[in-house]
There are 2 protein chains.
Amino acid sequence: MRKIWRNVYRWGDTEKKLDHTIEHHIGHFKHLLGIEGEAHELPLNANAGDEVKLAKRSRLNRTALRDLMRIVGSENVMVDDFHRATHSFGKYYGDIVRMRLGKISNPPDGVVCPRTEEDIIKVVNYCHLKKIAIVPWGGGTSVTRALEADKGGIALDLTRHFKDVLSLNAEDSTVTVESGILGPDLELYLNERGYTCGHFPQSFEFATVGGWVAARGAGQASTGYGRIEDILVGLRAVTPAGLISCGNYPAASVGGDIRHFILGSEGTLGVISRVTIRVRKYNAANAVMKSFMFKSFEAAVTAMREMMQSQVYPPHFFRISDPEETEIGLGMKGKDKGLAGAFLNTMGYKKGGRSLMYAIFEGDAAQCKTGARTLGKIVRKNGGLSLGSYATRKWLEQRYSSAYMRDPMMDAGIRIDTIETSVHYSRLIELWEAVRKYIKQDGQTLCLTHISHTYETGANLYFIFVSPMLPKDELAQFEKFHKGIVATFVAHGGTLSHHHGVGRLVAHALDRQHSPATLAAWRAVKKTLDPKGIMNPGALIF
Amino acid sequence: MRKIWRNVYRWGDTEKKLDHTIEHHIGHFKHLLGIEGEAHELPLNANAGDEVKLAKRSRLNRTALRDLMRIVGSENVMVDDFHRATHSFGKYYGDIVRMRLGKISNPPDGVVCPRTEEDIIKVVNYCHLKKIAIVPWGGGTSVTRALEADKGGIALDLTRHFKDVLSLNAEDSTVTVESGILGPDLELYLNERGYTCGHFPQSFEFATVGGWVAARGAGQASTGYGRIEDILVGLRAVTPAGLISCGNYPAASVGGDIRHFILGSEGTLGVISRVTIRVRKYNAANAVMKSFMFKSFEAAVTAMREMMQSQVYPPHFFRISDPEETEIGLGMKGKDKGLAGAFLNTMGYKKGGRSLMYAIFEGDAAQCKTGARTLGKIVRKNGGLSLGSYATRKWLEQRYSSAYMRDPMMDAGIRIDTIETSVHYSRLIELWEAVRKYIKQDGQTLCLTHISHTYETGANLYFIFVSPMLPKDELAQFEKFHKGIVATFVAHGGTLSHHHGVGRLVAHALDRQHSPATLAAWRAVKKTLDPKGIMNPGALIF
């Protein structure tokens, strides 16, 4: 790989060519934003092809370097600029902007790749002794600034060596892995043995199992398979205060459950080393896919809520696109005009109101049928129209690829980022309207919203906003804009995040989410497990 | 109510007459234990009718009494011996033995009944200031010695006034209550509005919603409705360090989740004041009840496991009685002999091997059918025989009443207590065999075991042991025996408890369940929320 800036920040396979679909989609966005064909300013492409050089030199001294090399092997400690740069940021929009500007103010001093849990223990003990900061590093896909070396130190990259499947227990339906394993490697291993992990975040291709837990994430099929906290059985975490092993039982009443402090700890308490998760039988052939059009977002949400409260096994994937996302989606496929569009309009599913619902039932064949039949009834009751499986199949095809769009969109001078929350049903529409109003206040920003994770009591709301980049001051303006969205969430009963996490991005509002006594308890846990504050300093509230 | 000892310890309605069924069952146990008609020693009935007098006087001084009375009203502070005695112990076998012996070494100095959350805050602040211990008191149904005033102080009884339903949110499917509400009051309120709480511990009649959370309990229908941690949405807890309000969202990734330290905290961190739980539609008419006989416990467990791993909505109630429990159950109904017994034997469902399975599907009618059909198939594959719904209906009838049996059994000189654990499927049979061997080592003890809560990865095991009381030294011998069972759990991969909790009963083994770093983190939370250690001192590890 060439050690150029573009390869530091680009999503995924850095040599991959821009495919035709993505080009087409970007063209559509440019058209919608009215920046087609114009001499639109492209402010952030300057250094893309330049070789990576960091202003800050590694501060790891010779002794520390030697000692770390003794622990993990000299080939597993890197202090060159390119490795440090690629371990400086995650994939938040502001991260990419910073990298495009070459502004890496806090790179780690080195990247260390442990081979075993024993290596991790030795590194953590050594760094604790020497007060060297550690940022545990999985796939680097954080979109919440969870991965920054505020105090230098090392990025502990678990993806190079620490990625074995340790055991599959068919009787218990569990698999135990080393935390650095990537989603596709685990899923392939499981599929070959008739199982699935059920956890498919959009970052699936590049995120690690340890990262899933550390970020308290949720996959696209969480409505059926559960969030990572539902899928997680047990784990081991290496903290400066010792190894934590927990959760090796189906359920228990044995006091506090430390798993729920390690879930979402984002590297601040220790290094998650081994993870045991539930697996489910992989029955791809049984899947039943459905899509439906509703006359309004409200009607679609009501149908979704009724399905979730029906006491019938819900769809594993269950999504609604709001009217703007529905329209842009139809537009990209050319379905808004011509016969399809006219038909929908005639039937009362009008542009600006109509909302698409997607559902996939997986697992047992009879259960899939019962679920689909129940959903069909609820949809009809709420004025929905069945569109067969086409839209859902199309969505599935691009379930991971839309993440590849951001880099070329930024190349074209377009700002695109996402933010998400969750809220109870009784305030969902209110929150959706308030956030849209806020995001669209400039009259130019597109706001595509969907619900992609849903529960008996409420759902998430996932906002994608697209606008021309500002020629000047893009980063500062964007950050101000972002804080405003978070404040709007809080004002309308939403959480700071549903599945992206906190990192350094929304930590400023943690006291709006947690009581002072809760934060105090949490700080006490931190102080106990990491008394010198070496674990990912600066993330969350620590 | 007469202020006699019997009314301190007796389960439930203290004036209730012993019904015929219970008398019959006790007769059967006496027969099985070979103590029928003999002049069996009845060591613990001596003081039953005596008026309650405590050796220890209340140490609440006049100022504290006056101050507490000012907060909650003078009628809501009691310092008489009977009230103090009834708030001295829960319902663990050893508790009853102690009370029958009149041995109440640590009664609270007074009982305080707050009327509002404001009262609770004032009482907690006052007690924090004055260093007066508080034991939060719900229904008093703990079977783990969670309710003892090791350091005197007050029992804060929430059941007298603090029991309103605050709001039902039909859109969110949630209800918010004051923590002192009893199960039946909540369930009646919900049923009248078309909902159910879905949480039915055997203590349902006398346990509070706050107690469900504090004990991290699971109800008889937890396989379908979830454990209390699944049903819980949000809560408020009054701690000496301030009010914690948490969890008012469907799901989130916002760092650590303090709910999972309050769940199972057993009064050691603060007083749970308000609880919001999920509710489900109450569709009693849709319920499908099934019972099945298997040739062995192993076959029944395999069928249960396959159902739980089928990705079909499982039964809400899902139970298996092991061979000994099955046989004693059949014997009590006279079904072990005669035609039924002969038929089962002929078919290969032989005494000593045969195991009964009970299942109830609730909620949506179509879903119930799909579930029952799937289970039927799995049962047949594993050699099970359908017995219709009779056994399950019979079980339902006595779902709460068997708790009333202990007092008359103890009157008859019979020791009866229960202990429970959970374990992954791969070690379930091993653990069951080891614990039975331990319990039955004296050659005289009956051991009835069932699985009543089940998961994709494993299940609980619930052991009921019955033997003649020892004429001497019953308490000390029993406690030794109990510790041996817990050690056997741990040695075979079981948890210290599945849903009863820890209290003071199994706290001695907490370091076998949690890593030292976990316990340290937990102690740090305690120290932060309750710096002077006034909250239920002596429970758990504090």
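Residues numbered from 1 in each chain as written. Chains lettered and ligands numbered in written order. Predicted model: local features only at pLDDT ≥ 70, side-chain atom pairs only at ≥ 80, totals over all residues.

### With respect to the overall build of chain A
No. 1: Across its full length, chain A carries 21 helices and 18 strands.
No. 2: Here the C-alpha atoms of chain A give a radius of gyration of 23 Å, agreeing with the 24 Å that 2.2 N^0.38 yields for 542 residues.
No. 3: A separation threshold of at least 6 residues defines the contact pool for chain A, and within that pool the share at least 24 residues apart is 76%. (Helix = DSSP H or I, 4+ residues; strand = E, 2+ residues; numbered from the N terminus. Rg over C-alpha atoms; globule rule 2.2 N^0.38 Å. Contact = placed C-beta atoms within 7 Å.)

### A word on the pairing of strand 12 (residues 288–294) of chain A
All names here are of chain A.
No. 1: Counting buried positions along strand 12 gives 6 out of 7 residues, so the element sits mostly inside the fold.
No. 2: Alignment of strand 12 against strand 14 (residues 355–361), held across 7 bridges, turns out to be antiparallel. Residue Met-289 lies in a different strand from strand 14, and its bridge partner there is Ile-360.
No. 3: Where strand 12 lies against strand 15 (residues 385–386), 2 bridges are found, and the strand directions are antiparallel. Within strand 15, the position partnered with Phe-292 by the bridge is Ser-386. (Buried ≥ 20, exposed ≤ 12 C-beta atoms within 10 Å, placed from the backbone. Pairing = 2+ DSSP bridges.)

### Focus on the sheet that holds strand 1 (residues 77–78) of chain B
No. 1: Spatial ordering of the open sheet is given by 1-2-4-3 (chain B), a layout of 4 strands whose pairing is mixed. Each edge of the open sheet is held by one strand with a lone partner, namely strand 1 and strand 3 (134–137) of chain B.

### Describing the interface of chain B and chain A
No. 1: The partner chain A presents 80 residues to the 79 residues of chain B that form the contact.
No. 2: With 11 residues, helix 21 (residues 516–529) of chain B is the single largest residue contributor to the side of chain B that touches chain A.
No. 3: Considering only residue class, the side of chain B that touches chain A consists of 32 nonpolar, 35 polar and 12 charged. (Nonpolar A, V, L, I, M, F, W, Y, C, P; charged D, E, K, R; others polar.)

### Some points on the relation of the copies chain B and chain A
No. 1: Relative to chain A, chain B is turned by 180° and slid 0.0 Å along the rotation axis, the superposed coordinates differing by an RMSD of 0.0 Å. Such a combination of turn and shift is consistent with a two-fold rotation axis.
No. 2: A shared binding surface is used by both copies, with 100% of the interface residues of chain B retained as interface residues in chain A. (Least-squares fit on C-alpha atoms with pLDDT ≥ 70 in both.)

### Side note on the packing of helix 5 (residues 93–100) of chain A against helix 19 (residues 474–491) of chain A
Residues and elements named next belong to chain A.
No. 1: Taken N-terminus to C-terminus, the directions of helix 5 and helix 19 make an angle of 170°; their axes are 10 Å apart at the nearest point. By the angle between their axes, helix 5 is roughly antiparallel relative to helix 19. Facing Tyr-93, Gly-94, Val-97 and Arg-98 of helix 5, the residues of helix 19 in contact are Glu-474, Leu-475, Phe-478 and Glu-479.
No. 2: Counted by class, the contact of helix 5 with helix 19 contains 4 nonpolar, 1 polar and 3 charged residues. (Axes fitted to C-alpha atoms, helices over the stretch in contact; angles between N-to-C directions. Parallel < 35°, antiparallel > 145°, perpendicular 65-115°, else oblique.)

### Concerning the sheet that holds strand 18 (residues 458–468) of chain A
Residue and element names in this part refer to chain A.
No. 1: Across the sheet, which stays open at both edges, the 7 strands sit in the order 15-12-14-13-17-18-16 with antiparallel pairing between neighbours. Each edge of the open sheet is held by one strand with a lone partner, namely strand 15 and strand 16 (414–424).
No. 2: Where helix 2 (residues 20–33) meets the sheet, its contacts fall on strand 16, strand 17 (446–451) and strand 18, and the angle it forms with strand 18 comes to roughly 75°.

### Looking at the packing of helix 21 (residues 516–529) of chain A against helix 21 of chain B
No. 1: The N-to-C vectors of helix 21 of chain A and helix 21 of chain B enclose an angle of 145°; their axes lie 8 Å apart at closest approach. Both helix 21 of chain A and helix 21 of chain B take part in a crossing whose hand is right-handed. Contacts between helix 21 of chain A and helix 21 of chain B pair Ala-517, Ala-520, Ala-521, Ala-524, Val-525, Lys-527, Thr-528 and Leu-529 of chain A from the former with Ala-517, Ala-520, Ala-521, Ala-524, Val-525, Lys-527, Thr-528 and Leu-529 of chain B from the latter.
No. 2: For the contact of helix 21 of chain A with helix 21 of chain B, the class distribution of residues is 12 nonpolar, 2 polar and 2 charged. (Left-handed = near helix turned anticlockwise from the far one by under 90°.)

### Looking at the nonpolar core
No. 1: The biggest cluster of nonpolar side chains holds 311 residues, and the ones touching the most others in it are Val-213 and Met-304 of chain A together with Val-213 and Met-304 of chain B.
No. 2: Setting aside its immediate chain neighbours within four residues, Val-213 of chain B contacts Ile-228, Leu-232, Leu-235, Ile-262, Leu-263, Ile-272 and Val-275 of chain B. (Core = buried A, V, L, I, M, F, W, Y, C linked by C-beta atoms within 7 Å.)

### Some points on the domain arrangement of chain A
All names here are of chain A.
No. 1: As far as domains go, chain A holds domain 1 (165–281) and domain 2 (284–399).
No. 2: In this structure, domain 1 and domain 2 have C-alpha centres spaced 30 Å apart.
No. 3: If you look at the interface, domain 1 gives 7 residues, while domain 2 gives 8 residues.
No. 4: Of all the secondary-structure elements, those providing two or more residues to the side of domain 1 that touches domain 2 are helix 9 (222–225) and strand 11 (280–281).
No. 5: With 3 residues, helix 9 is the largest single contributor of residues to the side of domain 1 that touches domain 2.
No. 6: When its residues are assigned to classes, the side of domain 1 that touches domain 2 shows 2 nonpolar, 3 polar and 2 charged. (Domains from an automatic or database assignment.)

### Overview of helix 13 (residues 323–332) of chain B
No. 1: Where helix 13 of chain B is concerned, the buried positions are Pro-323, Glu-325, Thr-326, Glu-327, Ile-328 and Leu-330 of chain B.
No. 2: Where helix 13 of chain B ends, the next residue or the one after it, Gly-334 of chain B, has phi of about 70°, a positive value.

### Focus: the environment of Lys-3 of chain B
All names here are of chain B.
No. 1: Along the chain, Lys-3 falls in the segment before helix 1 (6–9).
No. 2: Taking the C-alpha atoms as reference, Lys-3 lies 40 Å from Glu-324; in sequence the two are 321 residues apart.
No. 3: The contact partners of Lys-3, leaving out residues within four places of it in the chain, are Glu-51, Val-52 and Phe-82.

### Observations regarding the environment of Tyr-404 of chain A
Residues and elements named next belong to chain A.
No. 1: Relative to the assigned elements, Tyr-404 resides in the loop between helix 16 (390–397) and helix 17 (406–411).
No. 2: For Tyr-404, a count of 20 C-beta atoms within 10 Å puts it in the buried group.
No. 3: Sequence separation between Tyr-404 and Trp-11 is 393 residues; the distance between their C-alpha atoms is 5.8 Å.
No. 4: When neighbours within four sequence positions are excluded, Tyr-404 is seen to be in contact with Trp-11, Gly-12 and Ile-22.

### Considerations on the pairing of strand 9 (residues 242–246) of chain B
All names here are of chain B.
No. 1: Alignment of strand 8 (residues 232–239) against strand 9, held across 5 bridges, turns out to be antiparallel. Within the sheet, the bridge partner assigned to Val-238 lies in strand 9 and is Leu-243.
No. 2: If you look at the hairpin formed by strand 8 and strand 9, you'll find 2 residues sitting between the two strands.

### Things to note about the confidence of the model for chain A
No. 1: Per-residue pLDDT for chain A averages 94, and the proportion of residues at 70 or more is 97%.
No. 2: Model confidence for the complex: the whole-complex pTM is 0.97, and ipTM, which rates the interface, is 0.96. (pLDDT = per-residue confidence, 0-100.)

### What to know about unusual backbone geometry
Note on backbone geometry: most residues besides glycine have negative phi, and most peptide bonds are trans.
No. 1: The phi torsion at Glu-266 of chain A lies on the positive side, around 50°, for a residue other than glycine.
No. 2: With respect to the helices and strands, the residue Glu-266 of chain A is situated in the loop between helix 11 (259–262) and strand 10 (271–278).
No. 3: What makes Glu-266 of chain A buried here is the crowd of 29 C-beta atoms within 10 Å.
No. 4: The backbone phi angle of Arg-216 of chain B is positive, close to 50°, even though this residue is not glycine.
No. 5: With respect to the secondary-structure elements, Arg-216 of chain B resides in the loop between helix 8 (209–214) and helix 9 (222–225).

### Considering helix 12 (residues 297–308) of chain B
No. 1: Between the first and last C-alpha of helix 12 of chain B there are 16 Å, a value that for 12 residues agrees with the 16 Å anticipated at 1.5 Å per step.
No. 2: Taking burial as the measure, the 12 residues of helix 12 of chain B include 10 buried ones, the bulk of the element. (Expected span 1.5 Å × (residues − 1).)

### Looking at the environment of Asp-185 of chain A
Residue and element names in this part refer to chain A.
No. 1: For Asp-185, the position within the fold is in helix 7 (residues 183–192).
No. 2: Residue classification places Asp-185 among the partly exposed residues on the basis of 17 C-beta atoms within 10 Å.
No. 3: Each C-alpha atom of the pair Asp-185 and Asp-473 lies 41 Å from the other, and the pair is 288 residues apart in sequence.

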